[in-house]
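Structural overview
Listed below, chain by chain, are the residues.
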2 protein chains.
Amino acid sequence: MSLLTVGTMAFDAIETPFGKVDKIIGGAATFIALTASYFTRPVFLVSVVGEDFPQETLDEFSRRGIDLAGVEMRKGEESFFWKGKYHNDLNTRDTLETRLNVLATFNPVLPEAFREPDVVMLGNLTPSVQASVVKQFRRRPKLIVMDTMNFWMDVALNELVETIKLVDVLTINDEEARQLSGEYSLRRAANKILTMGPKFLVIKKGEHGALLFHENQAFFAPALPLEDVFDPTGAGDTFAGGFCGYLDAVGDFSYESMKNAVVYGSTMAGFCVEKFGPQRLFELNEKDVSRRLQKYLDLSFYRPNISVF
Amino acid sequence: MSLLTVGTMAFDAIETPFGKVDKIIGGAATFIALTASYFTRPVFLVSVVGEDFPQETLDEFSRRGIDLAGVEMRKGEESFFWKGKYHNDLNTRDTLETRLNVLATFNPVLPEAFREPDVVMLGNLTPSVQASVVKQFRRRPKLIVMDTMNFWMDVALNELVETIKLVDVLTINDEEARQLSGEYSLRRAANKILTMGPKFLVIKKGEHGALLFHENQAFFAPALPLEDVFDPTGAGDTFAGGFCGYLDAVGDFSYESMKNAVVYGSTMAGFCVEKFGPQRLFELNEKDVSRRLQKYLDLSFYRPNISVF
């Protein structure tokens, strides 16, 4: 199987209550591709970087089975830059600075070898750019997953709604689900969004876990309570990388399989927040993931006693 | 087995984004006893009310196996009154008015028949009053569960810490756990609180579910995403009623049994929020509870595929 992802590769400056970094690798596609590479190969990466993006990071990506033929490198230009500061509760943040740089004119053209992927993860981007990628495939991928954010609901709602029609799974957070649907109840919000195109909806709730909706079914995956949470940046993208990476690895896109994918996504996101940026995602091995997954299972499994009445 | 609960019985005036009521039955012990009565009998109720508390509600309690011999009825006085308004997200609220009335001089004296309960649920009250109840038991109950709130951490921390030492299970919300421990991470907060006396800690997170901590283990029970949420008042007490009611019914106070208790607590709390005050808790039958529990199991159960690596 093969997984394609499109999204930003960037530099981030991040301040959290636990510290700050002035310049660290970031961007949705960075987190997605890196996480997915633990599950499946090849990972086709579509993005754009400036001349300043470190070659050693790109080399490390290649070693992990990430195909960089779709990463446009612009000489003499700078990579996308984002600077943000998290509030004390880590659940909200302010964007202090955004320099689009190379991203301003990003118009991805897929290499021939990228045009028949099995699973596609559209990282958060202008909806029309996400749609333009879908239109370049030679055949319909088996699964298209799309992430987006409230910003596009504010400034490009029509485009967003058109792009959502093209995908099988939409991943957004709880506030975005409320904004997109106009419904406060997440169950009602999901019912509405599931009429807009996607057959599956994942609502990400950060430290409060993630919900998967399909028809009138719902599945919930908690987030493991962690001793150390340093930086939530990229956690949603890491979730997406684990989710899609798992699905591409098993090739089963049923609701039951999606439940596992949500669990793997949550597990990987738990690693992400333990250090700044994607650092933690560079140092994991299979044992770390298995051990964490076992903790996850301990957290949510029990032998139900439903015979009390 | 037998369950004893002590706490307020009150009138509430409640405003939520979905409506308002000027006077409805409320109080921690009302929600706890009513919910527990679905699981176990007798439920010994210890509280105080004024002459204004409706006799038909008391009669209904008696019909449900709730023993009111410990409810002091004060002639010529009024019941405790609370008025609050919920914010748009329903997760925060302002107290607009509190009239202690009969509660100001509440000094419970347990009837003889109440002094050997198996399970005790100390509803949110002045910690010294909670402690005075524990001191009246002829033998140590098999399980003592205690609820409290941030108010007592602000104004009576020493008393609170002394009372916490007497109990087996403490139930508080996430912000309270952070305040009591001085730790942001709930895992670290739990580690600290579990050195303060209780062997089990339940952290209630409202619509985000509940966490059970014991030694270095953790179990999470999600809240079912509901179509209609009208009023969160009493949801925490309803949780406590289901939690203790279940445990008293099965007589098993192991960690595995507590997991079931958390699930039953969450399930019952889900009913509570669907109407104002405890209304919904008066109309349930066993089928409603079983059906809701099945939905709960669908939400959190799956067949793990941990062989992807």
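Residues numbered from 1 in each chain as written. Chains lettered and ligands numbered in written order. Predicted model: local features only at pLDDT ≥ 70, side-chain atom pairs only at ≥ 80, totals over all residues.

Some thoughts on the overall build of chain A
Assigned secondary structure in chain A consists of 11 helices and 13 strands. Against the compact-globule benchmark of 19 Å for 309 residues, chain A has a radius of gyration of 18 Å, which places it among compact chains. In terms of overall dimensions, chain A has a C-alpha envelope of 70 × 40 × 35 Å along the principal axes. Expressed as a percentage of the 309 residues in chain A, the buried residues total 50%. Within chain A, contacts between residues separated by at least 24 positions form 68% of all contacts whose residues are at least 6 apart in sequence. (Helix = DSSP H or I, 4+ residues; strand = E, 2+ residues; numbered from the N terminus. Rg over C-alpha atoms; globule rule 2.2 N^0.38 Å. Buried ≥ 20, exposed ≤ 12 C-beta atoms within 10 Å, placed from the backbone. Contact = placed C-beta atoms within 7 Å.)

So, helix 1 (residues 28-36) of chain A
Taking burial as the measure, the 9 residues of helix 1 of chain A include 9 buried ones, the bulk of the element. All buried positions along helix 1 of chain A are accounted for by Ala 28, Ala 29, Thr 30, Phe 31, Ile 32, Ala 33, Leu 34, Thr 35 and Ala 36 of chain A.

Side note on unusual backbone geometry
Residue and element names in this part refer to chain A. Residues Arg 41 and Pro 42 are joined by a peptide bond in cis, for which omega reads -5°. Inspection of the secondary structure assignment puts Pro 42 in the loop between helix 1 and strand 4 (43-50). Non-glycine residue Glu 215 carries a positive phi angle of around 50°. Following the sequence through the fold, Glu 215 ends up in the loop between strand 12 (210-214) and strand 13 (217-221). The class of Glu 215 is exposed, set by 11 C-beta atoms lying within 10 Å.

Overview of the sheet that holds strand 3 (residues 19-26) of chain A
Residue and element names in this part refer to chain A. What the 4 strands build is an open sheet, ordered 3-2-6-7; its pairing is mixed. A strand with exactly one partner marks an edge of an open sheet, and here the two such strands are strand 3 and strand 7 (93-99). Pairs of neighbouring strands in the sheet enclose a mean axial angle of 15°, with direction left out of account. Of the pairings in the sheet, the one linking strand 6 (residues 80-86) to strand 7 comprises 6 bridges and is antiparallel in character. Bridge pairing links Tyr 86 to Arg 93 in strand 7. (Pairing = 2+ DSSP bridges. Axes fitted to C-alpha atoms, helices over the stretch in contact; angles between N-to-C directions.)

Examining the interface of chain B and chain A
Chain B puts 40 residues into the contact, and the matching count from chain A is 40 residues. Taken together, the elements giving at least two residues each to the side of chain B that touches chain A come down to helix 7 (186-193), strand 13 (217-221), helix 8 (235-250), helix 9 (255-272) and helix 11 (286-300) of chain B. Per-element accounting of the side of chain B that touches chain A gives the leading share, 8 residues, to helix 11 of chain B. Residue composition of the side of chain B that touches chain A, by class: 22 nonpolar, 8 polar and 10 charged. (Nonpolar A, V, L, I, M, F, W, Y, C, P; charged D, E, K, R; others polar.)

Topic: the relation of the copies chain B and chain A
Between the two copies, chain B and chain A, the superposition gives an RMSD of 0.0 Å; the rotation angle is 180° and the shift along the axis is 0.0 Å. Taken together, the rotation and translation relating the two chain copies correspond to the operation of a two-fold axis. Measuring from the rotation axis to each C-alpha of chain B, the shortest distance belongs to His 208 of chain B, at 3.0 Å. Mapped onto chain A, 100% of the interface residues of chain B are again interface residues, and the two copies thus contact each other with one and the same surface. (Least-squares fit on C-alpha atoms with pLDDT ≥ 70 in both.)

Concerning the confidence of the model for chain A
Per-chain confidence: chain A averages 94 in pLDDT, with 97% of residues scoring 70 or above. Predicted as a complex, the structure gets a pTM of 0.91 and an ipTM equal to 0.85. (pLDDT = per-residue confidence, 0-100.)

Regarding the sheet that holds strand 12 (residues 210-214) of chain B
All names here are of chain B. Taken in spatial order, the 9 strands of this open sheet run 5-4-1-8-9-10-11-12-13, and their pairing is mixed. On the outer flanks of this sheet lie strand 5 (66-74) and strand 13, each paired with one strand and no other. In this sheet, neighbouring strand axes are inclined to one another by 15° on average, regardless of whether the strands run parallel or antiparallel. Packing of helix 8 onto the sheet brings it into contact with strand 1 (3-6), strand 8 (119-122), strand 9 (143-147), strand 10 (169-173), strand 11 (200-204) and strand 12, and relative to strand 9 it is tilted by some 175°.

Digging into the nonpolar core
Ranked by internal contacts, the top residues of the largest apolar core, which has 192 residues, are Val 145 of chain A together with Val 145 of chain B. With residues up to four places along the chain from it excluded, the contact list for Val 145 of chain A reads Val 120, Met 121, Leu 122, Val 167, Asp 168, Val 169, Thr 171, Ala 240, Phe 243 and Cys 244 of chain A. (Core = buried A, V, L, I, M, F, W, Y, C linked by C-beta atoms within 7 Å.)

Quick look at the packing of helix 9 (residues 255-272) of chain A against helix 11 (residues 286-300) of chain A
Residue and element names in this part refer to chain A. Remark: helix 9 packs on helix 11, axes separated minimally by 10 Å, with the N-to-C direction vectors making an angle of 115°. By the angle between their directions, the pair helix 9 and helix 11 is classed as roughly perpendicular. For the crossing formed where helix 9 meets helix 11, the hand is right-handed. Residues Val 263, Thr 267, Gly 270 and Phe 271 of helix 9 form the contact with helix 11, whose own contacting residues are Val 289, Arg 292, Leu 293 and Tyr 296. Each residue belonging to the contact of helix 9 with helix 11 can be placed in one class, and the counts come to 5 nonpolar, 2 polar and 1 charged. (Parallel < 35°, antiparallel > 145°, perpendicular 65-115°, else oblique. Left-handed = near helix turned anticlockwise from the far one by under 90°.)

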